[in-house]
Amino acid sequence: MKFEKPAGENPIDQLKVVGQPHDRIDGPLKVSGRAHYAYEWHDVLPNVAYGYIVSAGIAKGKISEINCDAAGNAPGVLSIITADNAGPLGKGERNAATLLGGPQIEHYHQAVALVVAETFEQARAAAGLVDITYQRESGAYDLAAEKPAVNSAPESAPDKNSGDFDAAWASAEVKLDATYTTPDQSHMAMEPHASMAVWEGDKVTVWTSNQMVAWCRTDLAATLKLPEENVRIISPYIGGGFGGKLFLRSDALLAALAARALQRPVKVMLPRPMIPNNTTHRPATIQHIRIGTDRLGKITAIAHDSWSGNLPGGTPETAVNQTELLYAGANRHTGLRLATLDLPEGNAMRAPGEAPGMMALEIAIDEMAERAGIDPVEFRILNDTQVDPKDPQRPFSRRQLVECLRSGAEHFGWSQRNATPGQTRDGEWLVGYGVAAGFRNNLLAPSGARVHLDDAGRVTVETDMTDIGTGSYTIIAQTAAEMLGVPLSHVEVRLGDSSFPVSAGSGGQWGANTSTAGVYAACVKLREAIAKKLGFDAASAVFADETISVGDRSAPLKAAGALSAEDTIEFGDLDEQYQQSTFAGHFVEVAVDAATGEVRVRRMLAVCAAGRILNPKTARSQVIGAMTMGLGGALMEELAVDTRQGYFVNHDMATYEVPVHADVPEQEVIFLDDTDPISSPMKAKGVGELGLCGVSAAIANAIYNATGVRVRDYPVTLDKLLDALPDIA
């Protein structure tokens, strides 16, 4: 199905099933242990062996010798896979780092061997016996020391300029010129990266934890130098990914290599302390922002440059994305700068680009509002735009940022905020309010599905779409139920198998809108097939209550017998004609201990405009999870870099701090009515990453309002507050 013009009225608009707060249909399977994650396929294959990865103990250099004799003679050991015996390997286009290193070492904890044994414990014990001698080389590990002076981003990320920023900046009546930093961060999903592989002849099947089944299949085939049709990926349930499982990783590759060598199934799981350095992470940024306004507070000049680092061949953190579109102003500049670092690979983490970018921009906007003498909410509203600022002929498809801010301010009680920092106390606590805009672009990609109707009138949907805890199973079932007029309980959804039609996958908050649009397209075809089989006009047929009807004539769906249909939604150029984005207003109340600097977030509100909300219950869960992640980013999350040895020191959940229940306050989510016919036949967008974008800045702004201390370097830890806190009366 081609989606080339705005959606008109269609069966989804009935909202009998779609748009309703249904419980997740996969919930009973998960709480009963019947939802199998990547390492839990215990009964699928007999005689499974276990692999344990040996990782590099240096960040850069070469292996001069690797002695596996002691490990090979250890109890239960079946094989040891290294680059020397793995056979010729290619490299997936989405991997910056080589997944099996040797002799060259590209980053700390790069996989250099896999010890395979009869049991996990035997493999782990033997892995400790692998003796490796390294030739260490000096590397670059400090972004601040390596940051380039000129644009060093790939050709695909040039500087963007419109108007005359330099002249507008020079003549601006109110100015801000400030630098902000965000640290390296880890995804820290609860489920580790894990895989199980088995070969049948020259074909391999891998059960793995991966958000993008088609990408994983393509890159594993390229790495193993196999035809793509010889690789099958199965990933029906994923225990969290946040972008860390978008790409092929070493566990899947090494499981496949070991299974081929042994000709028996092999399981591989990354131990928790290996994940931050072995897989990907959100790279640190240094962001330079300049904003100028006229005397009334209207932005006349805005510039945002961001520095980040990566391995050779890696990409920059696109932290300037939102600055190109969020606020008005004719004179603009954005630029990305990429330093070559020898740290582990930097790549997508929930809301890549906008999440760290808005951590900086939305503090800068608050600072500008104060300098201009305007309330922070009103300053954002004053600088709203309904068109692409660099292309005024290109409107937003829907843009309700002002409504998000206005309704949020009223609901939150923003009028009670004291504009003078450090003036509101609750005993020994300094209390403050903070606000930030939320922004995330609406991304589109083709997405396919196959839909079956059986002779009992039950429906089955198949697509390689994944569910990373987001509720994909449920909204896909809701879509099919709405389109075919059957109860939700009569729809079975099968996901995460590369033998199913290729979907857009889970990432970038594009999954919900695109995957359901693909199911919509397949259901349109199935409706046509049912109508034709039963002698109805498909264009005027109504599907409801397990029947098809036109006028006074009707027939039960099951009378059509067994039928199947498959289709893919393909998007035209509407995203070029209209800017498609999602918006939010984030409001936060914090309390800061006047003596210790301890920060407690007391309450949080997100008001979101993100197209049609397909399931308010699962969408709310996505947003409050994102808000919690924003709290972590504001106050605690940071991968500490050893700039001498080149690795992340706090590479486990004991030392990499994330929010726990005691840190999470009252959280409220409001969805505005924001049906967007430009986006897809579903008239939806996405909301999971929007709930994160802006949250950290709202917390930092609230801390400033509470204390008068402006922190521009995340996370906002108490050591950055203590010296500047007001004197205790």
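Because the structure is a prediction, the values reported are computed rather than measured.

1. Considering the sheet that holds strand 9 (residues 174–182)
Spatially, 8-16-15-14-9 is the arrangement adopted by the five strands of the open sheet, whose pairing is mixed. Because the sheet does not close on itself, it has two edges, and the strands there are strand 8 (160–162) and strand 9. If you compare each strand with its neighbour and ignore which way they point, the axes differ by 10° on average. Direction of pairing for strand 9 relative to strand 14 (residues 285–293): antiparallel, over a ladder of nine bridges. The residue bridging Val174 from the neighbouring strand is Thr293, located in strand 14. Against the sheet, helix 9 (residues 354–372) makes contact with strand 9, strand 14 and strand 15 (299–310), and its axis sits at roughly 150° relative to strand 9, the strand it touches most.

2. Regarding unusual backbone geometry
The amide bond that connects Gly102 to the next residue, Pro103, takes the cis arrangement and shows omega of -5°. Among the secondary structure elements, Pro103 is positioned in the loop between strand 4 (77–82) and strand 5 (104–105). Of note, the bond from Tyr714 into Pro715 is cis; its omega dihedral lies within 30 degrees of zero at -5°. Relative to the helices and strands, Pro715 resides in the segment after helix 16 (695–707). A positive phi angle is found at Lys683, which is not glycine, with a value near 60°. Relative to the assigned elements, Lys683 resides in the loop between strand 32 (666–671) and helix 16.

3. Structural notes on helix 15 (residues 616–635)
Relative to the 28 Å expected for 20 residues at 1.5 Å per residue, helix 15 spans 28 Å between its end C-alpha atoms, a close match to the ideal helical length. Along helix 15, 15 of the 20 residues are buried, which leaves the element largely enclosed by surrounding structure. Its side-chain oxygen 3.0 Å from the backbone nitrogen of Lys617, Asn615 forms the N-cap of helix 15.

4. What to know about the UniProt feature "domain: Aldehyde oxidase/xanthine dehydrogenase a/b hammerhead" (unreviewed entry) in the protein
Here the UniProt feature "domain: Aldehyde oxidase/xanthine dehydrogenase a/b hammerhead" (unreviewed entry) sits at residues 32–138. With 11% helix and 33% strand, residues 32–138 has end C-alpha atoms that lie 51 Å from one another.

5. Details of the nonpolar core
Ranked by internal contacts, the top residues of the largest apolar core, which has 87 residues, are Leu326, Phe587, Val590, Leu635, Ile699, Ile703 and Leu721. Here this core gets eleven residues from one element, more than from any other, and that element is helix 9. With near-sequence residues (within four places) excluded, Val590 lies in contact with Leu430, Val431, Gly432, Val599, Arg600, Val601, Arg602, Ile699, Ala702, Ile703 and Ala706. Core analysis: the second largest hydrophobic core is formed by 53 residues, Leu484, Ala522, Ala531 and Ala560 among them.

6. A word on the packing of helix 12 (residues 472–484) against helix 13 (residues 511–534)
Relative to each other, helix 12 and helix 13 sit at 30°, their axes nearing to 9 Å. Viewed along their axes, helix 12 and helix 13 adopt a mutual orientation that is roughly parallel. By crossing handedness, the relation of helix 12 to helix 13 is classed as right-handed. Of helix 13, the residues touching helix 12 (which contributes Ile475, Ile476, Thr479, Ala480, Met483 and Leu484) are Ala512, Ser515, Thr516, Val519, Tyr520, Cys523, Val524, Leu526, Arg527 and Ile530. Taken together, the residues of the contact of helix 12 with helix 13 sort by class into twelve nonpolar, three polar and one charged.

7. Some words on the sheet that holds strand 32
The five strands are arranged 19-20-28-29-32 in an open sheet whose pairing can be described as mixed. Each end of this open sheet is capped by a strand with a single partner; those strands are strand 19 (425–426) and strand 32. Where strand 29 (residues 599–609) and strand 32 come together, six bridges link them in parallel fashion. The partner of Cys608 across the bridge, within strand 32, is Phe671.

8. Points about a negative patch on the surface
Taken together, Glu4, Asp573, Asp575 and Glu576 make up a surface patch of like negative charges. With respect to the helices and strands, the residue Asp575 is situated in helix 14 (residues 574–577). Judged by relative accessible area, Asp575 falls into the partly exposed class, the value being 34%.

9. Points about the environment of Ser581
Among the structural elements, Ser581 can be located in strand 28 (residues 581–593). A polar atom in the side chain of Ser581 sits 2.7 Å from the side chain of Asn441. A polar atom in the side chain of Ser581 sits 2.9 Å from the side chain of Gln579.

10. A word on the pattern of salt bridges
Applying the stated rule across the entire model yields 38 salt bridges. Here Arg494 ties to Glu492 by a salt bridge, and the two come within 3.2 Å at their closest N and O atoms. Measuring nitrogen to oxygen at the nearest pair gives 3.4 Å for the salt bridge that ties Arg644 to Asp642. Judged by relative accessible area, Arg644 falls into the exposed class, the value being 68%. Each of Arg450, Glu462, Glu492, Arg494 and Glu566 takes part in a single network of salt bridges with overlapping partners.

11. Quick word on the environment of Arg282
Its place among the elements puts Arg282 in the loop between helix 8 (275–278) and strand 14. On the accessibility criterion, Arg282 (3% relative accessible area) is buried. For the pair formed by Arg282 and Val588, sequence separation is 306 residues and the distance between their alpha carbons is 24 Å. Residues in contact with Arg282, not counting those within four places in the same chain, are Pro183, Asp184, Gln185, Glu317, Asn347, Met349, Arg350, Ala351, Pro352, Ala355, Pro356 and Leu692. At 3.3 Å, the side chain of Arg282 forms a polar contact with the backbone oxygen of Met349.

Basis of the calculations
- Each chain carries its own residue numbering, running from 1 in the written order of its sequence.
- In keeping with the predicted nature of the model, local features appear solely for residues at pLDDT of at least 70, side-chain atom pairs appear and are counted solely at 80 or more, and the whole-chain, interface and lining totals rest on all residues.
- In computing side-chain properties, one takes all heavy atoms of the structure into account and sets aside hydrogens as well as water.
- A pair of strands is labelled paired if DSSP reports no fewer than 2 bridges between them.
- Strands here are runs of E lasting at least two residues and helices are runs of H or I lasting at least four, both read from the DSSP assignment and numbered beginning at the N terminus.
- In this analysis, axes come from line fits to C-alpha atoms, helices being fitted only over the stretch in contact, and the angle between any two N-to-C directions falls in the range 0 to 180 degrees.
- Residue contacts are defined here by distance: any two heavy atoms, one from each residue, within 4.5 Å place the two residues in contact.
- What a helix should span is 1.5 Å times the count of its residues minus one.
- Here the term buried applies to any residue with accessible area under 20% of the maximum for its type, exposed to any over 50%, and partly exposed to those in between, with areas from a 1.4 Å probe on protein chains only.
- N or O atoms closer than or at 3.5 Å make up a polar contact, with two conditions inside protein: a donor-capable atom paired with an acceptor-capable one, and, for residues adjacent in sequence, both atoms drawn from side chains.
- UniProt positions are given in the numbering used here, feature names are shortened, and annotations may be inferred rather than shown by experiment.
- Nonpolar core, defined: a set of buried Ala, Val, Leu, Ile, Met, Phe, Trp, Tyr and Cys residues in which side-chain atoms within 4.5 Å join the residues together.
- Our angle categories are set so that under 35 degrees counts as roughly parallel, over 145 as roughly antiparallel, 65 to 115 as roughly perpendicular, and the remainder as oblique.
- Two helices cross in a left-handed way if the nearer one is turned anticlockwise from the farther one by less than a right angle. They cross in a right-handed way if the turn is clockwise.
- Three categories are distinguished: nonpolar for Ala, Val, Leu, Ile, Met, Phe, Trp, Tyr, Cys and Pro, charged for Asp, Glu, Lys and Arg, and polar for the others, with Gly belonging to the last.
- Distance thresholds for patches are 9 Å for like charges and 5 Å for nonpolar side chains (Val, Leu, Ile, Met, Phe, Trp, Tyr), applied to residues having over 30% relative accessible area and no salt bridge.
- Surface accessibility follows the Shrake-Rupley procedure with a 1.4 Å probe radius. Residue values consider only the protein chains on display as shielding.
- Within this document, salt bridges are pairs made up of a side-chain nitrogen of Lys or Arg and a carboxyl oxygen of Asp or Glu, the two lying within 4 Å of each other.
- In this tally, Lys and Arg are treated as positive and Asp and Glu as negative; His is ignored, and so are the chain termini.
- The atom standing in for a charge is NZ when the residue is Lys, CZ when it is Arg, CG when it is Asp and CD when it is Glu.

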